[in-house]
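# Breakdown of the fold
Residue-level listing of the chains:
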Amino acid sequence: MPLHPQTPNREDLEQTWQYLESGISKIMNNLRQGMDMHAYMGIYTAVHNFCTSQKAVNSSSTSLHHQGGVHRGAHLLGEDLYNNLIHYLSAHLGGLKQQSAQYTNEALLGFYIREWDRYTTAAKFINHQFRYLNRHWVKREMDEGKKNIYDVYTQHLVRWKLDLFDSVQKNVMDGVLKLVEKQRNGETIETAMVKSIVDSFVSLGLDENDSSKSTLDVYREFFEKPFLEVTNVYYQLESKQFVAENSVVEYMKKAETRLSEEEGRVHVYLHPDIMIPLMKTCQRVLIQEHKTLLHDEFQVLLNNDRQDDLKRMYNLLSRITEGLEPLRTKFEAHVRKAGLEAIEKVANENADDNLEPKVYVDALLEVHEKYSSLVKIAFKEDTEFVRSLDNACREFVNRNKVCKAASSKSPELLAKYADSLLKKSAKAAEEADLESKLESIMTVFKYVEDKDVFQKFYSRMLAKRLVHATSASDDAETSMIGKLKDACGFEYTNKLQRMFQDMQISKDLNDSYKEWMNNTLDEESLKTAVDFSIQVLGTSFWPLTPPNTPFNIPQVITKTYDRFQTFYFQKHSGRKLNWLWHLCKGDVKATFARSSKVPFTFHVSTYQMAILLMFNDATSYTYEDIESTTSLSRDYLDPSLGVFIKAKVLNIEPSGSKVGPGTTLVLNTDFKSKKIRVNLNMAVRAEQKQETEDTHKTIEEDRKLLMQSAIVRIMKSRKKLKHAVLVLETIAQIKSRFTPKVPDIKKCIDILLEKEYLERLDGDRLGYLA
Amino acid sequence: WNLELAIDSYYQNPNASSGTGPTNQNAINAIFDQFKQPNDSPDTYSIGATMAYFDALGLQLDDVTVVPLSKALSSETMGEFTRKGFTDGWMQLGADSLPRMQAKLQELRQQLDTNDEYFKEVYKWAFGWAKAPGGKALALENAIEMWKLLLTSRFGGNGHLDRWAEFLEEKWKKSIPKDTWNMFYEFIVDAKSDPTLTGYDENGSYPSTIDAYVDYYRNQEQ
């Protein structure tokens with residue numbers, strides 16, 4: 001049965017407070033024993049009654065603050081109750097403070113948490129019972145801007161903070177920190193305890209301006225701050241010691257573990273607010289303070305290809321600012337060095353002229369492959385590392401031992417490698433394999449600065465593949481051109497594509513020529529007509545030059561020659577045909593050899609054909625005879641004869657002498673060959689070298705034009721421009737083809753000034769003259 | 001400028017031009033006819049006539065005043081004048097007798113020596129006047145002569161003018177395009193305040209001929 005006295009006289013403060021105090025005290029100390037509805041409501045009613053009484057018995061002894069009767073009824077009376085409550089709480093907390101002195105460490109934590117729970121639970125009830133006070137007196141006081149007036153619950157927290165927390169928090173925190181240190185040392189602890197402490201600290205943060213909100217101020221000041229300080233000291237000590245006794249790699253593992261432990265600690269029992277400062281602290285002590293050590297170790301790890309450790313180092317250093325910069329610099333230098341060494345190695349193993357394009361390109365690719373996979377695996381494809389890799393690759397692709405003479409060597413070899421892949425050969429690559437090899441060409445191509453050089457060589461070799469029908473696959477050719485187009489744009493591959501078109505047009509042309517012949521020639525002429533096919537190629541798209549030797553067209557093919565011209569000029573009047581005899585070839589049947597009944601078929605160049613056909617009329621000619629009949633220059637005549645002599649189709653007299661004036665060439669009727677088809681049309685090595693030189697020469701000219709047209713283009717759109725800006729923009733426009741030098745650009749500007757495309761304006765400016 | 005100069009001189013020296021009334025065009029024409037040579041066409045002076053005329057004025061052919069005078073009289077080629085250019089020019093200058101013309105020559109010379117803007121104008125104009133008619137560039141020999149004639153008194157001090165001529169003869173050996181002519185003036189002005197060319201920037205806007213000269217100069221100085 002309830003032991004409560006009857007509801008007190010509503011007008012008697014002393015009586016009312018006594019009644020209330022006994023109830024509050026019960027709630028505070030013995031809530032577990034329960035409280036019945038009647039007693040609970042009794043308190044509520046007493047507060048209500050007291051506050052609404054009109055003539056309270058003003059017992060001054062219990063009234064703490066006299067306000068001189070200015071206040072009206074309920075307010076004044078509320079203040080008395082409120083102050084008495086504060087008084088009670090202070091006394092209660094004072095008692096707790098004394099009790100707490102007997103505890104330390106974990107026991108103290110236990111005590112603190114226990115009392116906190118009891119106190120805050122009671123506070124909720126009491127707050128509820130004093131709701132009437134809250135709603136009226138407290139609200140009014142707060143509305144009037146009174147300091148230190150809070151709702152009853154908040155007042156509980158304020159008292160806790162002032163009367164207990166301020167004096168015990170240091171001891172409590174000591175306990176917490178000792179507990180955490182235990183855990184850091186590997187012991188198991190009761191983490192819930194820390195969590196409760198954290199929560200209680202957080203609850204004490206009150207917003208001075210709005211008591212309904214809480215702040216983290218108290219928690220930050222009394223928990224976070226000491227926690228971070230201790231953490232700092234702990235790891236400073238530990239890391240110093242660890243580093244002294246272990247390898248850097250071991251240390252990185254340790255740091256990695258510690259960082260993830262601390263992160264886990266936050267999730268398990270700390271407030272999320274500490275995450276950032278805690279991580280900062282740990283990163284500073286564990287990484288920042290040891291970064292020189294890590295930076296120094298980087299080169300060692302790189303040298304030994306320690307991918308996992310490099311990854312670990314990257315992850316650690318990426319957590320601090322500026323941590324990665326030294327790695328990037330070292331990485332770039334390392335890759336460049338690796339590239340240069342790889343090229344130096346192949347350069348030393350192969351003489352300059354003998355360096356196989358494939359060997360060179362493979363060496364470049366190997367280095368790139370290795371480090372791009374490192375960037376992927378260890379450096380998370382960090383864009384800065386990707387850029388360092390690109391910088392390094394650009395360096396060693398364009399400036400290495402092989403390119404010492406000219407940076408154009410790289411694109412030249414790359415284009416030759418592409419040619420070797422795209423050309424028909426015995427060891428032709430599989431389709432899929434070929435595609436991936438073309439891809440890898442593009443990898444190197446991306447780094448090549450002199451893209452115009454690649455274009456030149458590529459188009460020359462493509463022209464050869466097309467003219468000689470030695471291309472391995474149309475699909476592969478198209479795919480490669482597509483890739484180049486993607487990388488450099490339509491203009492870059494325009495001519496290459498036109499070359500393909502010409503090939504198709506030529507196919508149709510041959511068909512219509514055959515048809516034309518059938519319609520115009522009589523049967524006899526058709527029978528004796530030479531089997532003939534032709535390619536008509538647009539001069540401006542094909543990198544082909546007319547022959548530089550005179551040549552008498554052999555009688556046998558003059559008819560065909562005339563006939564085709566007639567046909568073609570009928571079809572396209574006004575066009576001009578240049579016959580590229582040096583690129584033509586034919587098959588001749590040779591019946592002179594006594595060793596074989598089946599005639600041999602000789603595959604020869606047109607020049608060789610002209611020589612061989614002479615031997616239909618006689619079996620022996622002097623060198624001079626042949627020279628005057630064919631009117632070939634010796635540069636072409638000598639090698640052509642040379643092939644015949646070597647193949648023993650012709651014999652030279654006096655035997656063993658060098659081809660030249662004064663010798664006689666005799667048909668070798670004893671000619672033998674295992675094969676019926678004999679290829680005698682072999683390119684001459686000297687010719688190839690000459691071609692390479694010519695290609696380089698045309699590149700210089702093309703570059704001048706490219707720069708001039710870029711300058712004109714820029715000036716046309718900008719009209720007036722500062723000299724320096726024009727130079728920069730020109731470089732920017734041309735960079736995708738090659739890297740122009742400033743003096744060369746200036747020369748081009750001079751030329752354009754002279755040609756009056758440009759004019760000088762005042763103050764270093766140039767103007768465009770339409 | 002012609003008009004300005006004429007007005008200018010009118011106020012400074014009213015007696016010389018209009019003291020005895022307005023300039024007489026017929027008198028100028030008469031002077032033009034006076035020195036014409038037998039083989040000249042009626043309205044042009046060839047070099048012979050020009051020399052006779054200059055003689056009468058007491059003007060040497062290698063006097064720098066020849067250049068501003070030729071400009072004032074709209075001469076298109078060195079040593080040649082047309083009647084129109086001659087009369088219009090003198091009308092504008094306001095002189096119709098040999099003594100007045102001599103006085104004007106003094107004024108032109110003074111303008112050239114003291115007025116920088118005017119000097120630059122004459123300098124730029126001289127390129128078209130000195131080059132062979134129809135050509136785009138100025139023959140190297142003539143260019144060097146013109147440079148020495150025009151620039152020695154103003155810019156001869158620091159040796160760059162001579163060195164430049166030496167460089168052109170030894171290394172460049174080509175004719176001088178207009179841009180180089182114009183920009184050399186800017187260069188020699190710059191070189192006056194920076195005679196060791198320490199501030200010269202090869203990547204700047206000077207034409208490559210001048211870049212090459214600076215390179216030549218620096219190599220020699222090392």
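These numbers were taken from a predicted model, which means no experiment stands behind them. (Residues numbered from 1 in each chain as written. Chains lettered and ligands numbered in written order. Predicted model: local features only at pLDDT ≥ 70, side-chain atom pairs only at ≥ 80, totals over all residues. Heavy atoms only, no water.)

## Regarding the overall build of chain A
Operational definition: In DSSP terms, a helix is any run of H or I states spanning at least four residues, a strand is any run of E spanning at least two, and both are numbered starting from the N terminus. C-alpha atoms define the radius of gyration, and 2.2 Å times the number of residues to the power 0.38 defines the globule rule. Between buried and exposed lies partly exposed: a residue is buried under 20% and exposed over 50% of the maximum accessible area for its type, with that area taken using a 1.4 Å probe on protein chains only. Contacts are assigned to residue pairs with any non-hydrogen atoms lying within 4.5 Å of each other. Residue-level accessible areas treat just the shown protein chains as cover; the underlying method is Shrake-Rupley with a 1.4 Å probe. Charged residues are defined narrowly, with Lys and Arg counted positive, Asp and Glu counted negative, and His plus the chain ends left uncounted. Here the site of a charge means NZ on Lys, CZ on Arg, CG on Asp, or CD on Glu.
What chain A contains, in helices and strands, is 28 helices and 9 strands. A globule of 770 residues ought to have a C-alpha radius of gyration of about 27 Å, yet chain A, at 49 Å, is considerably larger. Overall, the C-alpha framework of chain A stretches about 155 × 65 × 60 Å when taken along its three principal axes. By residue count, 46% of the 770 residues in chain A fall in the buried class. Across chain A, contacts joining residues at least 24 apart in sequence account for 71% of those joining residues at least 6 apart. With the model as given, the accessible surface of chain A reaches about 40,300 Å², and the carbon-plus-sulfur share is 50%. Charge separation in chain A, taken as the distance between the mean sites of 106 positive and 107 negative side-chain charges, equals 2 Å.

## Some points on the overall build of chain B
Secondary structure assignment for chain B yields 12 helices and 2 strands. Helices and strands in chain B line up, N terminus first, as α-α-α-β-α-α-β-α-α-α-α-α-α-α. Seen through its principal axes, chain B has C-alpha atoms that stretch 65 × 40 × 25 Å. Of all 222 residues assigned to chain B, the portion counted as buried reaches 45%. Long-range contacts, defined here as pairs at least 24 residues apart, represent 67% of the contacts in chain B between residues at least 6 apart. A distance of 3 Å separates the average location of the 20 positive side-chain charges in chain B from that of its 32 negative side-chain charges.

## Details of the sheet that holds strand S8 (residues 758-760) of chain A
Residues and elements named next belong to chain A. Test applied: In this analysis, strands are considered paired if DSSP registers two or more bridges between them. Inter-axis angles, ranging from 0 to 180 degrees, are taken between N-to-C directions of lines fitted to C-alpha atoms, where helices are fitted over the stretch in contact.
Strand order in the open sheet formed by 3 strands is S7-S9-S8, and the pairing between neighbours is antiparallel. The open sheet has two free edges, formed respectively by strand S7 (720-722) and S8, since each of these has just one partner strand. Sheet twist, expressed as the average angle between the axes of neighbouring strands with direction ignored, equals 30 degrees. Two strands pair when backbone bridges link them, and S8 and strand S9 (residues 765-768) are joined in this way by 3 bridges, in the antiparallel orientation. Along S9, the bridge assignment pairs leucine 758 with tyrosine 768.

## Thoughts on the environment of Ile86(A)
Residues and elements named next belong to chain A. Position of isoleucine 86 among the secondary structure elements: in helix H3 (residues 73-100). Residue classification places isoleucine 86 among the buried residues on the basis of a relative accessible area of 18%. Linking isoleucine 86 and serine 420, residues 334 residues apart in sequence, is a C-alpha distance of 96 Å.

## Quick word on the interface of chain B and chain A
Put simply, the rule is: The term buried area means the drop in 1.4 Å probe accessible area that two parts suffer when joined, counted for both and summed. Think of a salt bridge as a Lys or Arg side-chain nitrogen and an Asp or Glu carboxyl oxygen that are within 4 Å of each other. We define a polar contact as two N or O atoms separated by no more than 3.5 Å, with the added condition that, inside protein, one atom must be a possible hydrogen donor and the other a possible acceptor, whereas residues neighbouring each other in sequence contribute only through side-chain atom pairs.
At the junction of the two partners, chain B supplies 13 residues and chain A supplies 11 residues. Approximately 970 Å² of surface area, both sides summed, lies buried where chain B meets chain A, with 44% of it carried by carbon and sulfur atoms. One salt bridge in this structure joins Arg760(A) and Asp179(B), with 2.5 Å as the shortest N-O distance. Connecting chain B to chain A are 10 residue pairs in polar contact (both at pLDDT 80 or more).

## Some details on the nonpolar core
Condition: In these notes, a set of buried Ala, Val, Leu, Ile, Met, Phe, Trp, Tyr and Cys residues joined through side-chain atoms within 4.5 Å is what counts as a nonpolar core.
If you look at the biggest cluster of nonpolar residues, it comprises 160 residues, and the most contacted ones within it are Trp160(A), Phe223(A), Leu270(A), Phe331(A), Phe379(A) and Tyr458(A). A per-element tally of this core places helix H6 (residues 152-184) of chain A first, with 13 residues. If we ignore the near neighbours within four places in the chain, the residues touching Trp160(A) are Leu93(A), Leu96(A), Tyr112(A), Glu115(A), Trp116(A), Tyr119(A), Phe165(A) and Leu204(A). Core analysis: the second largest hydrophobic core is formed by 63 residues, Leu108(B), Phe127(B), Ala143(B) and Ile176(B) among them.

## Regarding the confidence of the model for chain A
Rules: Confidence of the prediction at every residue is given by pLDDT, a number between 0 and 100.
With 93% of its residues at a pLDDT of at least 70, chain A reaches an overall mean of 86. Residue range residues 56-75 of chain A is modelled with pLDDT below 50. Its contacts to residues more than four positions away, or to other chains, number 27 contacts.

## Quick notes on the packing of helix H12 (residues 307-317) of chain A against helix H14 (residues 357-377) of chain A
Residue and element names in this part refer to chain A. What counts is decided by this rule: Note on terminology: angles under 35 degrees are roughly parallel, angles over 145 are roughly antiparallel, angles of 65 to 115 are roughly perpendicular, and the others are oblique. The sense of a crossing depends on the near helix, which, turned anticlockwise from the far helix by less than a right angle, makes the crossing left-handed and, turned clockwise, makes it right-handed.
Where H12 meets H14, the closest approach of the two axes is 9 Å, and the angle between their N-to-C directions is 50 degrees. By the angle between their axes, H12 is oblique relative to H14. For the pair H12 and H14, the sense of crossing is right-handed. Touching Gln307, Leu310 and Lys311 of H12 are Ser373, Leu374 and Ile377, all from H14.

## Some thoughts on a nonpolar patch on the surface
Residue and element names in this part refer to chain B. Operational definition: Like charges are joined within 9 Å and nonpolar side chains (Val, Leu, Ile, Met, Phe, Trp, Tyr) within 5 Å, but only among residues with over 30% relative accessible area and no salt bridge; these make up the patches.
Judged by side-chain polarity, Ile47, Met51 and Leu61 come together as a nonpolar surface patch covering roughly 270 Å² of accessible area. Tracing the sequence through the fold places methionine 51 in helix H4 (residues 47-57). Residue methionine 51 is classed as partly exposed on the basis of its relative accessible area of 42%.

## Notes on the packing of aromatic side chains
This is how the line gets drawn: Here a pair means two rings of Phe, Tyr or Trp (six-membered ring of Trp) with centres within 6.5 Å. Their orientation is stacked below 30 degrees between planes, edge-to-face above 60, and tilted elsewhere. Lysine and arginine charges are scored as sitting over a ring when NZ or CZ, respectively, is within 6 Å of the ring centre and within 35 degrees of the ring normal.
Enumeration over the complete set of coordinates arrives at 72 aromatic pairs over all chains. Between Tyr561(A) and Trp579(A), the aromatic rings sit 4.7 Å apart at their centres with planes inclined by 55 degrees, giving tilted as the arrangement. Linking Tyr561(A) in helix H22 (residues 555-571) with Trp579(A) in the loop between H22 and strand S1 (585-590), this pair joins segments that are 18 residues apart in sequence. Of the residues examined, Trp579(A) reaches a relative accessible area of 15% and is grouped as buried. Across the ring face of Phe738(A), the terminal group of Arg703(A) is positioned such that the distance to the ring centre comes to 4.1 Å. The ring of Trp172(B) has Lys174(B) sitting right over it, with the charged end atom 4.4 Å from the ring centre.

## Points about helix H12 (residues 208-221) of chain B
Let me state the cut-off plainly: To estimate how far a helix should reach, multiply one less than its number of residues by 1.5 Å.
Over its 14 residues, H12(B) extends 20 Å from the first C-alpha to the last, a length consistent with the 20 Å expected when each residue adds 1.5 Å. All of the buried residues in H12(B) are Ser208(B), Thr209(B), Ile210(B), Asp211(B), Tyr213(B), Val214(B), Tyr216(B) and Tyr217(B). The inward-facing, buried residues of H12(B) abut helix H28 (742-754) of chain A together with helix H10 (160-172) and helix H11 (178-193) of chain B.

## Points about the pattern of salt bridges
Residues and elements named next belong to chain A. Going through the model one piece at a time under the given rule, you end up with 56 salt bridges over all chains. Among the ionic pairs, glutamate 238 bridges to lysine 254, the shortest N-O distance being 3.7 Å. Residue glutamate 238 is located in helix H8 (residues 217-245), and its partner lysine 254 is located in helix H9 (residues 248-269); the two are separated by 16 residues in the primary sequence. A relative accessible area of 26% places lysine 254 in the partly exposed class. Aspartate 362 is the salt-bridge partner of lysine 358, the closest N and O atoms lying 2.6 Å from each other. Of this pair, lysine 358 and aspartate 362 both sit in helix H14, 4 residues apart, roughly one helical turn. Put simply, Glu238, Lys254, Arg258 and Glu261 are held in one network by salt bridges that share partners.

## Some points on the environment of Leu179(A)
For Leu179(A), the location among the structural elements is in helix H6. Overall, the relative accessible area of 3% leaves Leu179(A) in the buried class.

## Details of the packing of H8(A) against H9(A)
All names here are of chain A. As a reminder of what qualifies: Charged means Asp, Glu, Lys or Arg here, nonpolar means Ala, Val, Leu, Ile, Met, Phe, Trp, Tyr, Cys or Pro, and polar covers whatever is left, Gly included.
Relative orientation of the contacting elements H8 and H9 amounts to 160 degrees, with a least axis distance of 10 Å. Classified by the interaxial angle, the pair formed by H8 and H9 is roughly antiparallel. Seen along the crossing, H8 lies across H9 with a hand that is right-handed. Facing H8, whose interface residues are Tyr234, Tyr235, Glu238, Ser239, Phe242 and Val243, H9 presents Glu250, Tyr251, Lys254, Arg258, Glu262 and Arg265. Split into classes, the residues belonging to the contact of H8 with H9 amount to 5 nonpolar, 1 polar and 6 charged.

## Details of the sheet that holds S1(A)
All names here are of chain A. Ordered by their spatial adjacency, 3 strands build an open sheet running S1-S2-S6, and the pairing between neighbours is mixed. Each end of this open sheet is capped by a strand with a single partner; those strands are S1 and strand S6 (677-679). With direction set aside, neighbouring strand axes in the sheet form an average angle of 25 degrees. Relative to S6, strand S2 (residues 600-605) runs parallel, the two being bridged by 3 bridges. From the neighbouring strand, threonine 601 faces S6, where its bridge partner is arginine 677.

## Some words on H4(B)
Residue and element names in this part refer to chain B. The test is simple: An arc is given here, and it is the one of the directions from the helix axis to the C-beta atoms.
Within the sequence span of H4, burial applies to Ala49, Thr50, Tyr53, Phe54 and Leu57. On an axial view of H4, the arc spanned by its buried residues comes to 130 degrees, and they lie on one face. In the stretch just after H4, glycine 58 is the one whose phi turns positive, near 75 degrees.

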